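# Tertiary structure, described
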Amino acid sequence: MSTINILIAGAGTTGLMLALRLARAGVPFRIIERNRGPGQAPAAIVAQALAIEFYQQIVLAEQLIEHGINLPSPFELSFPHDDHDDCLLEQLSALGVEVEWGVALQQVEQHRDHVAVTLVKNGLREVCEVGYLCGCEGARGVLRNQHDLTFPSDSDNPLFYVADVVVDGPQRTNVYLRADRHQLTLMAPVRSGMQRLVGTVAPELLAQQNLTFEDERAGAEHRLATTLGKAHWMSTYRVHQHVAEVFRACLMLPGACTPLLKASA
Ligand SMILES: Cc1cc2nc3c(=O)[nH]c(=O)nc-3n(C[C@H](O)[C@H](O)[C@H](O)COP(=O)(O)OP(=O)(O)OC[C@H]3O[C@@H](n4cnc5c(N)ncnc54)[C@H](O)[C@@H]3O)c2cc1C
């Protein structure tokens, strides 16, 4: 059985950022990611002022601002998160740290002073004794599921859609927000020629299965007074506030799980 002082499970933005902070402090750790390489499609695009302040602390703010699109006040930066994660990976690599791609956290067992962890790579299992396990696995991680950190449902919240849509013409760097009595639509730049649309789903579409951007296109074009091109993808989501009931010492759930820590600490 191998021993690891700190294991970071998940190389999304949170895991990479934590890895960079530890690497710069000279603290040894391993970082694993179940995907076989970095993500190629941006989900998050907007970094708010507080996030930029954190980047300033690790001397990365200027590099991000240079590559991103500076949105009008209050200060926000449009910087697709796949590009952003590539930047963190580069920084880690320069410090001699590589993510272990294709390695998944499979099982977690907490003991009094350590965590027993099973990892899987290409079907092969590795059992490790871990001092601190940082579950940076996003919203539906093994750590959260196996420790029964479930959340009460508040599914009556409004349903939103989010889509990346081609918009021709000169690059737009503004954020547009339009609202009427029933719906709101927001448009912000992702990259040249590509805009992120976020909006509430039209009330008459709420019961419809398999919504596509075509269902929302006419309403969005009307509210934004713009002709929109091909939609690359669309997804729907609801905003929830989740609060966990328990906090356990050797297990950490940062990032997409941050509300857990705030609530339980
Ligand atoms: C459509 C969309 C738009 C968004 N827009 C914004 C925005 O504009 N601005 C903003 O600030 N936020 C935005 N967000 C939220 C933001 O993306 C998340 O807060 C952020 O990605 C959380 O990062 P994370 O590293 O905690 O989790 P994730 O990005 O989910 O990363 C978790 C990683 O862990 C890996 N993993 C999972 N399970 C295991 C396992 N068992 N073993 C090993 N690895 C595992 C996953 O493969 C993944 O790479 C958006 C989210 C979505 C879905």
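Whatever comes next refers back to the structure up there.
As a starting point, this report considers the structure included with it. On a predicted model such as this, the values are computed, not experimentally measured, just so you know.

This part takes up the nonpolar core. Counting 28 residues, the largest nonpolar core has Ile8, Leu16, Phe29, Ile31, Tyr55, Leu60 and Leu92 as its most contacted members. The dominant element in this core, judged by the number of residues it contributes, is helix H1 (residues 13–24), at six residues. Look past the residues within four positions of Leu60 in its chain and what remains in contact with it is Leu20, Tyr55, Cys87, Leu88 and Gln91. In terms of nonpolar packing, the next biggest core, distinct from the first, is built from 17 residues, Leu7, Ala9, Val117 and Val130 among them.

Moving on, we come to helix H4 (residues 81–94). Spanning 14 residues, H4 covers 20 Å between terminal C-alpha atoms, matching the ideal 20 Å at 1.5 Å per step. Taken residue by residue, H4 has Asp82, His84, Asp85, Cys87, Leu88, Leu89, Gln91 and Leu92 as its buried positions. Tucked inside the fold, the buried residues of H4 contact H1, helix H2 (49–57), helix H3 (61–67), strand S6 (100–101) and strand S12 (184–191).

Reading across the sheet, the three strands line up as S3-S5-S4 and stay open at both edges, with antiparallel pairing between neighbours. The open sheet has two edge strands, strand S3 (46–48) and strand S4 (69–71), and neither has a second partner. In this sheet, adjacent strand axes meet at a mean angle of 30° when their direction is disregarded. Taken together, the three bridges between S4 and strand S5 (residues 76–78) define a ladder with antiparallel strand orientation. The residue of S5 that forms the bridge with Ile69 is Ser78.

Looking at where Thr200 falls in the secondary structure, it is placed in strand S13 (residues 194–200). Here Leu184 takes part through its backbone nitrogen, which lies 3.0 Å from a polar atom of the side chain of Thr200. Those residues in contact with Thr200 that sit more than four places away from it in its chain are Leu159, Phe160, Tyr161, His182, Gln183, Leu184 and Glu216.

On to the side chain of Asp164. Its location among the elements puts Asp164 in strand S10 (residues 159–166). Overall, the relative accessible area of 3% leaves Asp164 in the buried class. Side chain to side chain, Asp164 and Arg196 meet in a polar contact 2.5 Å long. Within the local environment of Asp164, its side chain forms a polar contact with the side chain of Trp233, the two groups lying 3.1 Å apart. Those residues within four positions of Asp164 in sequence are excluded, and the remaining contacts are Pro42, Val190, Met194, Gln195, Arg196, Lys230, Ala231, His232 and Trp233.

Using the criterion set out here, one finds zero disulfides in the structure. Just so you know, Cys136 is unpaired, no disulfide at all, and the nearest cysteine sulfur is the one on Cys134, 5.7 Å from it.

Turning our attention to the pattern of salt bridges. Enumeration over the complete set of coordinates arrives at eight salt bridges. Put simply, Arg30 and Glu100 hold a salt bridge, and the shortest N to O gap is 2.8 Å. Pair noted here: Arg30 is in strand S2 (residues 30–33) and Glu100 is in strand S6, with a separation of 70 residues, a long-range link. A salt bridge links Arg217 to Glu221; the nearest nitrogen and oxygen atoms lie 3.4 Å apart. Here Arg217 pairs with Glu221, and both are found in helix H6 (residues 213–224), just four residues apart, close to one helical turn. Of the residues examined, Arg217 reaches a relative accessible area of 16% and is grouped as buried. Because the salt bridges share partners, they merge into one network encompassing Arg30, Glu100 and Glu126.

Another point: the pairing of strand S7 (residues 103–110). In terms of strand pairing, S7 meets strand S8 (residues 115–121) through seven bridges, oriented antiparallel. Looking across to S8, one finds that Gln107 is bridged to Thr118. Between the end of S7 and the start of S8, which pair antiparallel, lie four residues.

Cut-offs and rules
- Residues numbered from 1 in each chain as written.
- Predicted model: local features only at pLDDT ≥ 70, side-chain atom pairs only at ≥ 80, totals over all residues.
- Heavy atoms only, no water.
- Core = buried A, V, L, I, M, F, W, Y, C linked by side-chain atoms within 4.5 Å.
- Buried < 20%, exposed > 50% of the residue type's maximum accessible area, 1.4 Å probe, protein only.
- Helix = DSSP H or I, 4+ residues; strand = E, 2+ residues; numbered from the N terminus.
- Contact = heavy atoms within 4.5 Å.
- Expected span 1.5 Å × (residues − 1).
- Pairing = 2+ DSSP bridges.
- Axes fitted to C-alpha atoms, helices over the stretch in contact; angles between N-to-C directions.
- Polar contact = N/O pair within 3.5 Å; in protein donor to acceptor, adjacent residues only side chain to side chain.
- Disulfide = S-S within 2.5 Å.
- Salt bridge = Lys/Arg side-chain N within 4 Å of Asp/Glu carboxyl O.

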